[in-house]
Amino acid sequence: MMELLNTQNSINTQMSASEQFAVENAVNNYNKTLVVEGRKTSNELGKDDFLKLLITQLQNQDPTSPMENTEFISQMAQFSSLEQMTNMSSSFSRMAAFINSSEAAATLGKTVELDIGDTSVQGVVEGATRGENPQVLVKGMYYSMDKIKAIYAD
């Protein structure tokens with residue numbers, strides 16, 4: 001009787017091929033989202049990747065036929081250009097945030113018309129937030145700047 005009870009309570013721990021495939025897929029997708037060495041994985045090459053490639057190229061070059069000076073200088077110039085473009089991009093982002101914040105501050109005390117889906121709201125801007133996506137305070141509610149349809153003078 002005991003043997004019969006044990007066979008009825010056994011659990012099937014084997015996965016089918018489709019279940020194994022689904023689990024492997026989930027694990028691979030999760031692993032792709034993990035941060036590796038402090039960096040998120042991406043499909044784009046950045047300045048760190050460029051520098052690593054250049055260092056690897058220098059370490060593994062043929063000693064009997066080293067890299068030409070002009071080739072090395074050209075690659076360093078490309079690296080410098082890449083770094084400057086990256087710096088400019090972050091500067092432009094900061095400048096855009098400042099301009100957006102200034103635009104929000106300029107609406108303070110003015111009457112605005114907000115387009116909120118099916119309806120529109122009109123009121124005086126009582127406050128404004130700063131940052132990349134500033135908001136205005138109208139009638140006790142914060143609205144994104146892109147909701148402003150019109151601004152009226154006092």
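Residues numbered from 1 in each chain as written. Predicted model: local features only at pLDDT ≥ 70, side-chain atom pairs only at ≥ 80, totals over all residues. Heavy atoms only, no water.

Draft legend 1. The nonpolar core, seen in detail. Among the nonpolar cores identified, the biggest contains 10 residues, and these are Ala104, Val112, Leu114, Val121, Val125, Val136, Val138, Tyr143, Met145 and Ile148. Sorting the residues of this core by element identifies β3 (111-116), β4 (119-128) and β5 (135-138) as the ones contributing at least two each. Setting aside residues no more than four positions away along its own chain, Leu114 makes contact with Thr119, Ser120, Val121, Val138, Tyr143, Lys147, Ile148 and Lys149. (Core = buried A, V, L, I, M, F, W, Y, C linked by side-chain atoms within 4.5 Å. Buried < 20%, exposed > 50% of the residue type's maximum accessible area, 1.4 Å probe, protein only. Helix = DSSP H or I, 4+ residues; strand = E, 2+ residues; numbered from the N terminus. Contact = heavy atoms within 4.5 Å.)

Draft legend 2. The pairing of β5, seen in detail. Pairing between β4 and β5: 3 bridges, direction antiparallel. Directly across from Ala128, in β5, lies its bridge partner Val136. Between β4 and β5, which pair antiparallel one after the other, the connecting turn spans 6 residues, and Gly131 there sits at a positive phi close to 115°. Here β5 pairs with strand β6 (residues 141-144) via 4 bridges, running antiparallel. Considered in β6, the bridge of Leu137 is made with Tyr142. The hairpin formed by β5 and β6 contains 2 residues between the paired strands, and Lys139 there has a positive phi angle of roughly 55°. (Pairing = 2+ DSSP bridges.)

Draft legend 3. Broad picture of the sheet that holds strand β7 (residues 148-152). If you trace the 5 strands from one edge of the open sheet to the other, you get β6-β5-β4-β3-β7, paired in antiparallel fashion. Edge strands, defined here as strands with exactly one partner in the open sheet, are β6 and β7. Adjacent strand axes in the sheet meet at a mean angle of 45° when their direction is disregarded. (Axes fitted to C-alpha atoms, helices over the stretch in contact; angles between N-to-C directions.)

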